[in-house]
Amino acid sequence: MATSAPRILVVYTGGTVGMVESEEGYVPGPGTLEALMDQRASFQSEDVPDYDVHAFDPLLDSANMTPDDWLQIAEAIRARFEAYDGFLVVHGTDTMAFTASALAFMLHPLDKPVLLTGAQLPLAETRTDAQGNLLTSLLLLGAHADRLAGVHLFFHDRLYRGTRVTKVNADAFAAFDSPNFPAVGTAGIDLDVEWNRVPAPHRPPRPPAVTEMGEATVSAFRLFPGLDAASLENVLAPPVQGVVLECFGAGNAPAKNEAFLEVLREATDRGVVIVAVTQPLRGTADLDLYATGQALADAGAVSGYDMTTEAALAKLYYLFEQNHAPGEVRRLVQNNLRGELTPPEEVPPALGRARRRVAGYR
Ligand code: ASP
């Protein structure tokens, strides 16, 4: 339990939330976010925990983020871990889901809250979602600094597990969803948190280890009807180590396209790890279910189950950074490491049974 008023570190990386208008459109405005938060009475309310701002220099549009920037965020948190009770990462929405997953893998164990938020419109605008997102995030951290361990993302009116989020709307204020795991909390009249969806933190908190990111070479490829095996061959060419393959439905692929399967086989023989995830927003990629999935497994791909592409990519980066052999990466990628996937034995039985029936007809 926190014994004194919680102190929060805001790690401000950039994004629309603090941008200003320019002739080229919205661009990051150094100092703008901090100045506006200082001026507004709501941020000075006594319900809002004390916070300090550590701003990136330069501030980034998150479309420009790389794994080196994830590392910069993780290092900023680790360096100040003892001095603060919780961490608010203020981030552009475009790649926030990738960063949330990456931080969950990189910072471990994580016994204090790391919460990401941003906005679709700048805090400087009259009509904006920035004020609500920032204030609610700070209030959540202030109220639950001692319990909300791990990486989460707050946006609009929902608190999500960081490894489960994806950006689903480029225009709406409700820009994120967690398609395969229920929201961890809801911000209505009350701020409700479902504590059974939050990992229990170790007490007293231990400073996390930081796994560096940026050395491994990973990629992603989306299947589409009529794909030419040569384009996939380029994606799988050295030095790539792991690829997230966005498959049809339950993990299906054009199994009659022999050239496609041969490209996969040749890559897995070289040690490339190919993780199958599903293109639909909800559901799971399990290569055991259909003949068209089994062909992928026979060519060496592994099931990514219900991981988002963002989580699967971050996981591949993370596993390869630790210099695991490809066989070990293939094994670990299918294990639930940070709440990023639902193992097949935990998929609700009714769905499992229906799927097995279909599989019987393959
Ligand atoms: N392009 C911006 C970014 O991701 C979009 C946003 O923040 O909403 O940084």
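What counts and how
- Residues numbered from 1 in each chain as written.
- Predicted model: local features only at pLDDT ≥ 70, side-chain atom pairs only at ≥ 80, totals over all residues.
- Heavy atoms only, no water.
- Near = heavy atom within 4 Å.
- Polar contact = N/O pair within 3.5 Å; in protein donor to acceptor, adjacent residues only side chain to side chain.
- Areas by Shrake-Rupley, 256 points an atom, 1.4 Å probe, with all protein chains shown as cover.
- Nonpolar A, V, L, I, M, F, W, Y, C, P; charged D, E, K, R; others polar.
- Salt bridge = Lys/Arg side-chain N within 4 Å of Asp/Glu carboxyl O.
- Helix = DSSP H or I, 4+ residues; strand = E, 2+ residues; numbered from the N terminus.
- Buried < 20%, exposed > 50% of the residue type's maximum accessible area, 1.4 Å probe, protein only.
- Pairing = 2+ DSSP bridges.
- Contact = heavy atoms within 4.5 Å.
- Axes fitted to C-alpha atoms, helices over the stretch in contact; angles between N-to-C directions.
- pLDDT = per-residue confidence, 0-100.
- Parallel < 35°, antiparallel > 145°, perpendicular 65-115°, else oblique.
- Left-handed = near helix turned anticlockwise from the far one by under 90°.
- Core = buried A, V, L, I, M, F, W, Y, C linked by side-chain atoms within 4.5 Å.
- Phe/Tyr/Trp six-rings, centres within 6.5 Å; stacked < 30°, edge-to-face > 60°.
- Lys NZ or Arg CZ within 6 Å of the ring centre and 35° of its normal.

S.K.: What am I meant to see in the site of the ligand here?
M.R.: In the neighbourhood of the ligand, the contacting residues comprise Gly15, Thr16, Asp61, Ser62, Gly92, Thr93, Asp94, Ala119 and Gln120. At a separation of 2.5 Å, an oxygen atom of the ligand approaches a polar side-chain atom of Ser62. Between the ligand and Asp94 there is a distance of 2.7 Å, counted from a nitrogen atom to a side-chain nitrogen or oxygen. Bound to the protein, the ligand loses 90% of the 260 Å² it would expose on its own. For the shell around the ligand, a count of residues per class yields one nonpolar, six polar and two charged.

S.K.: What's the story with the pattern of salt bridges in this structure? I'm lost.
M.R.: A side chain of one charge can pair with a side chain of the opposite charge if their charged atoms are brought near each other. For the structure shown, the criterion picks out 14 salt bridges. Of the charged contacts, one joins Lys167 and Asp94 as a salt bridge, the two residues approaching to 2.8 Å between their closest N and O atoms. One end of the pair, Lys167, is in strand β10 (residues 166-167); the other, Asp94, is in the loop between β5 (86-90) and α4 (96-106), with 73 residues separating them in the sequence. Here Arg265 and Glu258 are joined by a salt bridge, their closest N and O atoms 2.4 Å apart. The class of Arg265 is partly exposed, set by a relative accessible area of 28%. Overall, Glu258 belongs to the partly exposed group, its relative accessible area being 46%. Put simply, Arg7, Asp50 and Asp52 are held in one network by salt bridges that share partners.

S.K.: I tried to follow the side chain of Ser101 on my own but got confused; where do I start?
M.R.: Take Ser101: it is sitting in helix α4. Classification of Ser101 as buried rests on a relative accessible area of 0%.

S.K.: It is not clear to me how the sheet that holds strand β17 (residues 273-278) should be interpreted in this structure. Could you clarify?
M.R.: In spatial order, the strands read β15-β16-β17-β18; together these four strands make up an open sheet with parallel pairing. Edge positions in the open sheet fall to β15 (218-222) and β18 (302-303), since each of these has one partner strand only. Bridge count between β15 and strand β16 (residues 242-247): five bridges; the pairing is parallel. Paired with Ser219 across the strands is Val243, a residue of β16. On the sheet, helix α6 (residues 229-236) packs against β15, β16 and β17 and is oriented at approximately 165° with respect to β15.

S.K.: Honestly, the confidence of the model for the chain in this entry has me stumped. Any pointers?
M.R.: With 95% of its residues at a pLDDT of 70 or more, the chain has an overall mean of 93. Every residue in residues 357-362 is under pLDDT 50, and counting partners more than four places away or in other chains gives seven contacts.

S.K.: It is not clear to me how the packing of helix α9 (residues 309-321) against helix α10 (residues 326-333) should be interpreted in this structure. Could you clarify?
M.R.: Two quantities define a packed helix pair, namely the angle between the axes and the distance from one axis to the other. One can describe the packing of α9 onto α10 by two numbers: an axis separation of 10 Å at closest approach and a directional angle of 140°. Taken together, α9 and α10 sit at an angle that is classed as oblique. As for the relative orientation of α9 and α10, their crossing is right-handed in sense. The residues of α10 that touch α9, namely those facing Lys315, Leu316, Leu319 and Phe320, are Val329, Leu332 and Val333.

S.K.: Explanation requested: the nonpolar core in the structure shown.
M.R.: For soluble globular proteins, the rule of thumb is that nonpolar side chains tend to be buried together. Counting 89 residues, the largest nonpolar core has Ile77, Leu103, Val114, Leu138, Leu153 and Leu316 as the members making the most contacts within it. If one sorts the elements of this core by residue count, α9 sits on top with nine residues. Leave out the neighbours within four places in its chain, and Leu103 touches Trp70, Ile73, Ala74, Val89, Val114, Leu116 and Val151. Phe260, Ala295, Ala299 and Ala301 belong to the second-largest nonpolar core, a separate cluster that totals 24 residues.

S.K.: Which parts of the structure should I look at to understand the sheet that holds strand β8 (residues 150-155)?
M.R.: Where strands meet in a sheet, backbone hydrogen bonds hold them as pairs that are either parallel or antiparallel. Read across the open sheet, the eight strands follow the order β4-β1-β5-β7-β8-β9-β12-β13; overall the sheet is mixed. Each edge of the sheet is formed by a strand with only one pairing partner; in this case those strands are β4 (50-60) and β13 (191-193). On average, adjacent strands in this sheet sit at an angle of 20° to one another, irrespective of strand direction. In terms of strand pairing, strand β1 (residues 7-14) meets β4 through seven bridges, oriented parallel. Opposite Ile8, over in β4, you have Tyr51 as the bridge partner. Contacts from helix α5 (residues 130-144) reach β1, β4, β5, β7 (113-117), β8, β9 (158-161), β12 (185-187) and β13 within the one sheet, and its direction differs from that of β7 by about 170°.

S.K.: Could you clarify how one ought to interpret the packing of aromatic side chains in this entry?
M.R.: Under the counting rule described, the total for this entry stands at six aromatic pairs. Each ring, one from Trp70 and one from Tyr317, has its centre 5.6 Å from the other, and the planes form 85°; the classification is edge-to-face. Residue Trp70 is located in helix α3 (residues 67-79), and its partner Tyr317 is located in helix α9; the two are separated by 247 residues in the primary sequence. An aromatic cluster of three or more residues is present, and its members are Phe81, Tyr84 and Phe87. Geometry around Trp195 places Arg147 over its ring, the cationic atom sitting 4.0 Å from the centre. Taking the ring centre of Phe181 as reference, the NZ or CZ of Arg161 above it sits at 3.9 Å.

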